[in-house]
Amino acid sequence: MEQSNFEKLSNLTQGDYQAFLYDCDGTLTDNMPMHTKSYVEVAAEQGVVFDPGIIDELAGWPILQVVEEINRRYQSSLVPEDFKTRKAQIYNTRYLDHIQPIDYVVAHLRANAGRVRIGVVSGGDKLTISRTLEILGLNDLVEVLVCSGDTERGKPYPDPFLKAAELLGVAPDKCLVFEDGVPGVEAAKAAGMHWVRIDQFKFG
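What comes next concerns the included structure. (Residues numbered from 1 in each chain as written. Predicted model: local features only at pLDDT ≥ 70, side-chain atom pairs only at ≥ 80, totals over all residues. Heavy atoms only, no water.)

All right, on to the pattern of salt bridges then. The full count for this structure, using the stated rule, is 15 salt bridges. Between Arg131 and Glu134 there is a salt bridge, with the nearest N and O atoms lying 3.1 Å from each other. Taken together, the positions of Arg131 and Glu134, both in helix 7 (residues 126-136) and 3 residues apart, correspond to about one turn of that helix. Classification of Glu134 as partly exposed rests on a relative accessible area of 46%. The closest approach of N and O atoms between Lys189 and Glu186, which form a salt bridge, is 3.7 Å. Of this pair, Lys189 and Glu186 both sit in helix 9 (residues 182-190), separated by 3 residues, roughly a single helical turn. Through salt bridges that share partners, Glu57, Glu69, Arg72 and Arg73 make up one connected network. (Salt bridge = Lys/Arg side-chain N within 4 Å of Asp/Glu carboxyl O. Helix = DSSP H or I, 4+ residues; strand = E, 2+ residues; numbered from the N terminus. Buried < 20%, exposed > 50% of the residue type's maximum accessible area, 1.4 Å probe, protein only.)

Right, dumping it as structure tokens:
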């Protein structure tokens, strides 16, 4: 009988780990298309058109850095802080209440809460991520939440994952990271942590 995605993920995550650190957008919830739409809409309001593939490419980057990269590639002059505020308005108003869980990852978090320490490490805004976890019914299971602005540097630097490990009181090499994008995996590697790509069932 073919293994379920939950079983595949569980088999990949055996080991002497003391903490599981989950990305949120694209990992716990299938909301990346919604984030992409909100980026495109805000840019369009200011007459900027860009290839939306850049959002998947930079998955996990803080919004301010994504906007700076759009400016760099497209010679645009979007104001990062203003863009971030407007994007949050659009996403929270039009999309947030319609998010859906990635069932097998949410089930994995639920199954391991209480057995290992649980953290969520995201490049998103803390209010939005907190609301996301509330909608997914995970708020009470997440012990530590590290979001954009909580560290000087975001993914792909190791700082957010190291911050979460520090707050949980767990050594980096005892943490396992769950991600859906390259920047997050690079951050985990730089932090000295093992990682799983939940979309590829790949362990490293």
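Past the structure itself, the notes keep going.
In this model helix 4 (residues 63-74) runs 16 Å from its N-terminal to its C-terminal C-alpha over 12 residues, within 8% of the 16 Å that 1.5 Å per residue would give. Next to the buried residues of helix 4 lie helix 2 (32-45), helix 3 (53-57) and helix 5 (80-95). Once helix 4 finishes, Gln75 follows within two positions and takes phi at roughly 50°, a positive value. (Expected span 1.5 Å × (residues − 1). Contact = heavy atoms within 4.5 Å.)

Okay, the nonpolar core next. Ranked by size, the top nonpolar core spans 47 residues in total, and within it Leu28 and Leu133 carry the most contacts. In this structure Leu28 touches Tyr22, Asp23, Pro101, Ile102, Val105, Val106, Leu109, Val120, Leu133, Leu136 and Leu138, once residues within four positions along its chain are discounted. (Core = buried A, V, L, I, M, F, W, Y, C linked by side-chain atoms within 4.5 Å.)

When two helices pack together, their arrangement is captured by the angle between the axes and the distance separating the axes. Axis separation between helix 1 (residues 5-12) and helix 6 (residues 103-112) bottoms out at 9 Å; the angle between their running directions is 50°. The angle between the axes of helix 1 and helix 6 places the two elements in the oblique class. When the axes of helix 1 and helix 6 are compared, the crossing they make is right-handed. Contacts between helix 1 and helix 6 involve Asn5, Phe6, Leu9 and Ser10 on the former and, on the latter, Tyr104, Val105, Ala107, His108 and Ala111. Looking at the contact of helix 1 with helix 6 residue by residue, the classes come out as 6 nonpolar, 3 polar and no charged. (Axes fitted to C-alpha atoms, helices over the stretch in contact; angles between N-to-C directions. Parallel < 35°, antiparallel > 145°, perpendicular 65-115°, else oblique. Left-handed = near helix turned anticlockwise from the far one by under 90°. Nonpolar A, V, L, I, M, F, W, Y, C, P; charged D, E, K, R; others polar.)

Taken as a whole and assessed by the stated rule, the structure comprises 8 aromatic pairs. With a centroid separation of 6.4 Å and 80° between ring planes, the pair formed by Phe20 and Tyr22 is classed as edge-to-face. As far as the burial class goes, Phe20 and Tyr22 line up, both buried. Between the aromatic rings of Phe20 and Phe178, the centroid separation amounts to 5.2 Å while the plane-to-plane angle is 70°, which identifies the pairing as edge-to-face. Here Phe178 lies in strand 4 (residues 175-179) and Phe20 lies in strand 1 (residues 19-22), a separation of 158 residues in the sequence. Grouping residues by exposure puts Phe20 and Phe178 together as buried. Pairwise contacts between aromatic rings join Tyr17, Phe20, Tyr22 and Phe178 into one cluster. Its guanidinium or amino end placed over the ring of Tyr39, Lys87 lies 5.0 Å from that ring's centre, counting from NZ or CZ. (Phe/Tyr/Trp six-rings, centres within 6.5 Å; stacked < 30°, edge-to-face > 60°. Lys NZ or Arg CZ within 6 Å of the ring centre and 35° of its normal.)

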